[in-house]
Amino acid sequence: MGTPVAPTHDTVVERKQAKLAPPPMYQVVLLNDDYTPMDFVVVVVQHVFGKSLEEAARIMLKVHHEGRGVVGIYTRDIAATRVESVMQLARVNQHPLQCIMEPAPSGD
Ligand code: TYC
């Protein structure tokens, strides 16, 4: 609800809610290494980021060839949770896979 304003002949009864600024967005980035198996990266991307097999394989190969690749863009807490999920899966499976988050480019 907006702030109530005393009604008079010429005034509006309620102000419109001030528009909320969109939340800052973060991109989750996978980094390449020489040891993590390709199949493992594909499975992680499918499970943590909900990508299809084809999309996960495309992202994995981009990272493999270019050194890094964006897996998704999220609000801060969701990005941080996904980074943690990737890092935990990597740790448990003893792979050196690294995943980071960084502010997403603003787009202007
Ligand atoms: N470069 C790895 C290999 O040749 C595969 C790989 C892809 C590793 C993406 C990490 O984020 C990564 N087995």
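Since the model is a prediction, treat every value here as computed from it, not as a measurement.

### Regarding the confidence of the model for the chain
Consideration 1: Averaged over all residues, the pLDDT of the chain equals 90, while 86% of them reach at least 70.
Consideration 2: Confidence drops under pLDDT 50 across residues 1-9; counting only partners more than four residues distant or on other chains, this segment forms twelve contacts.

### Re the site of the ligand
Consideration 1: Taken together, 13 residues sit near the ligand, with Leu30, Thr36, Val41, Val63 and His64 positioned nearest.
Consideration 2: Among the elements that make up the shell around the ligand, the one with the highest residue count is helix H2 (residues 53-66) (three residues).
Consideration 3: For the shell around the ligand, the per-class residue count stands at eight nonpolar, three polar and two charged.

### As for the sheet that holds strand S1 (residues 25-31)
Consideration 1: Reading across the sheet, the three strands line up as S2-S1-S3 and stay open at both edges, with antiparallel pairing between neighbours. Pairing within the sheet leaves two strands with one partner each, and these edge strands are strand S2 (68-75) and strand S3 (98-103). On average, each strand axis in the sheet is tilted by 25° relative to the strand beside it, whichever way the strands run.
Consideration 2: Here seven bridges tie S1 to S2, and the two strands are oriented antiparallel to one another. Among the inter-strand pairings, Tyr26 is bridged to a residue of S2, identified as Tyr74.
Consideration 3: Most of the contacts of H2 go to S2, to which it runs at about 125°, and overall it touches S1 and S2.
Consideration 4: Packed on one face of the sheet, helix H3 (residues 76-92) meets S1, S2 and S3 and runs near 135° to S2.

### Description of H2
Since the α-helix packs 3.6 residues into each turn, any two residues three or four apart lie on the same face.
Consideration 1: The end-to-end C-alpha separation of H2 is 20 Å, in line with the 20 Å expected for 14 residues at 1.5 Å each.
Consideration 2: Along H2, the residues classified as buried are Ala56, Ile59, Met60 and Val63. Seen from one end, H2 has its buried residues packed into an arc of 100°, which puts them on one side. For H2, the exposed residues lying more than 90 degrees away from the buried face are Glu54, His65 and Glu66.

### Here we look at helix H1 (residues 38-49)
Consideration 1: Taking 1.5 Å per residue as the helical rise, H1 with its twelve residues ought to reach 16 Å, and the 16 Å between its terminal C-alpha atoms agrees with that figure.
Consideration 2: Listing the buried residues of H1 in full gives Val41, Val42, Val44, Val45 and Val48. Seen from one end, H1 has its buried residues packed into an arc of 165°, which puts them on one side.
Consideration 3: Next to the buried residues of H1 lie H2, S2 and H3.
Consideration 4: Gly50 sits one or two residues past H1 and shows a positive phi near 65°.

### A few points about unusual backbone geometry
Of all residues except glycine, most have a negative phi; of all peptide bonds, most are trans.
Consideration 1: Here the phi dihedral of Gln94 falls at roughly 60°; this positive angle occurs in a residue that is not glycine.
Consideration 2: Position of Gln94 among the secondary structure elements: in the loop between H3 and S3.
Consideration 3: The exposure class assigned to Gln94 is exposed, which follows from the 8 C-beta atoms found within 10 Å.

Calculation criteria
- Residues numbered from 1 in each chain as written.
- Predicted model: local features only at pLDDT ≥ 70, side-chain atom pairs only at ≥ 80, totals over all residues.
- pLDDT = per-residue confidence, 0-100.
- Contact = placed C-beta atoms within 7 Å.
- Near = placed C-beta within 6 Å.
- Helix = DSSP H or I, 4+ residues; strand = E, 2+ residues; numbered from the N terminus.
- Nonpolar A, V, L, I, M, F, W, Y, C, P; charged D, E, K, R; others polar.
- Pairing = 2+ DSSP bridges.
- Axes fitted to C-alpha atoms, helices over the stretch in contact; angles between N-to-C directions.
- Expected span 1.5 Å × (residues − 1).
- Buried ≥ 20, exposed ≤ 12 C-beta atoms within 10 Å, placed from the backbone.
- Arc of directions from axis to C-beta.

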